[in-house]
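Notes for the structure review
One letter stands for each residue in the lines below.
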Amino acid sequence: MTITPAPFAYGPHPSQVADLYVPEGPGPFPVAVLIHGGFWRTPFDRELMEPLAEDLTGRGLAAWNVDYRRVGDGGGGTDWRVTLDDVSASLDQLGSVSAEYPLDTDHTALIGHSAGGHLALWLASEFQVAAVVSQAGVANLYDAAHERIGLGSAREGLGVLDVPAAVEFLGGTPEDVPERYAAASPSALLPLETPLLLVHGDADDRVPISQSRNFADAAREAGDEVEVAEFAGMGHFEVLDPEHESWTRTVDYLARVLKGFTG
């Protein structure tokens, strides 16, 4: 495979970068935009998605592995909007990069894990894309706040202790800042009018599978095309393993929805 030698910057902040992976051959190649998780917090970054980017490139799909400002380096709280602005700007930059590389950006899928699943679903409300894959994604920020998902952990050295991740990210509860939840929660933005695959394990102790199940029900009721892939005994991070059956399911889905990609 061919990997660009350095990240592409889409802004001046060190976190406003994305790595482009391009397969060998003339192309043009459909593109998967990869968005990492970590409950919108530092220190997690795009390294989490590198194995998936490399696997996709080996299969003949270009990958755009995105980083963004998070809680702890300029995002979150009163500056919550910068995270959304960053992932939007990264897609704008991808369009510019496509002039230099054999990319078929008319056939782009968004793939996000955990908080990255939230960002991928949110982006589908802003951009027209071929499909979205949410891997154990946080699809409903209201429920994430009320159910206290993603409390800060002293053991992991991250987050504000005893504050749910969505509350830390948006700077308050749904009752405190309702306009932020309305603007940021995919559940409030339905229909997304984009084909969706929600991948989740029933043993996920970070983001409960109810996030995907309930969102799928609401999205279908709103008229969206939704598939749910549930895996018994799967936790939160297996979806990041290219050898896991959940990734095989994702690749099969991409082969169905992306022109020119057979998996």
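Structure's up top.
Residues numbered from 1 in each chain as written. Predicted model: local features only at pLDDT ≥ 70, side-chain atom pairs only at ≥ 80, totals over all residues. Heavy atoms only, no water.

1. Quick look at the packing of aromatic side chains
- Applying the stated rule across the entire model yields five aromatic pairs.
- An angle of 45° between the planes, with centres 5.9 Å apart, marks the rings of Phe8 and Trp64 as tilted. Residue Phe8 is found in strand E2 (residues 8-9), and its partner Trp64 is found in strand E5 (residues 62-66); the two are separated by 56 residues along the sequence. Accessibility classification places Phe8 together with Trp64 in one group, the buried group.
- Between Phe8 and Tyr101, the aromatic rings sit 6.0 Å apart at their centres with planes inclined by 90°, giving edge-to-face as the arrangement. Taken together, the residues span a long stretch of sequence, with Phe8 in strand E2 and Tyr101 in the loop between helix H2 (81-97) and strand E6 (103-113) at a distance of 93 residues.
- By relative accessible area, which is 16% here, Phe8 ends up buried.
- Three or more aromatic residues joined by ring pairs make a cluster, and in this case those are Phe8, Trp64 and Tyr101.
- Over the ring of Tyr68 we find Arg70; its NZ or CZ atom is 5.9 Å from the centre of that ring. (Phe/Tyr/Trp six-rings, centres within 6.5 Å; stacked < 30°, edge-to-face > 60°. Helix = DSSP H or I, 4+ residues; strand = E, 2+ residues; numbered from the N terminus. Buried < 20%, exposed > 50% of the residue type's maximum accessible area, 1.4 Å probe, protein only. Lys NZ or Arg CZ within 6 Å of the ring centre and 35° of its normal.)

2. Re the packing of helix H1 (residues 50-58) against helix H8 (residues 245-257)
- In contact at an axis separation of 12 Å, H1 and H8 are set at 45° when each is read in the N-to-C sense. Between H1 and H8, the crossing angle belongs to the class labelled oblique. Crossing angle aside, the handedness with which H1 passes H8 is right-handed. Along its contact with H1, which presents Leu52, Asp55 and Leu56, the element H8 presents Trp247, Val251 and Leu254.
- Class assignment for the residues of the contact of H1 with H8 results in five nonpolar, no polar and one charged. (Axes fitted to C-alpha atoms, helices over the stretch in contact; angles between N-to-C directions. Parallel < 35°, antiparallel > 145°, perpendicular 65-115°, else oblique. Left-handed = near helix turned anticlockwise from the far one by under 90°. Contact = heavy atoms within 4.5 Å. Nonpolar A, V, L, I, M, F, W, Y, C, P; charged D, E, K, R; others polar.)

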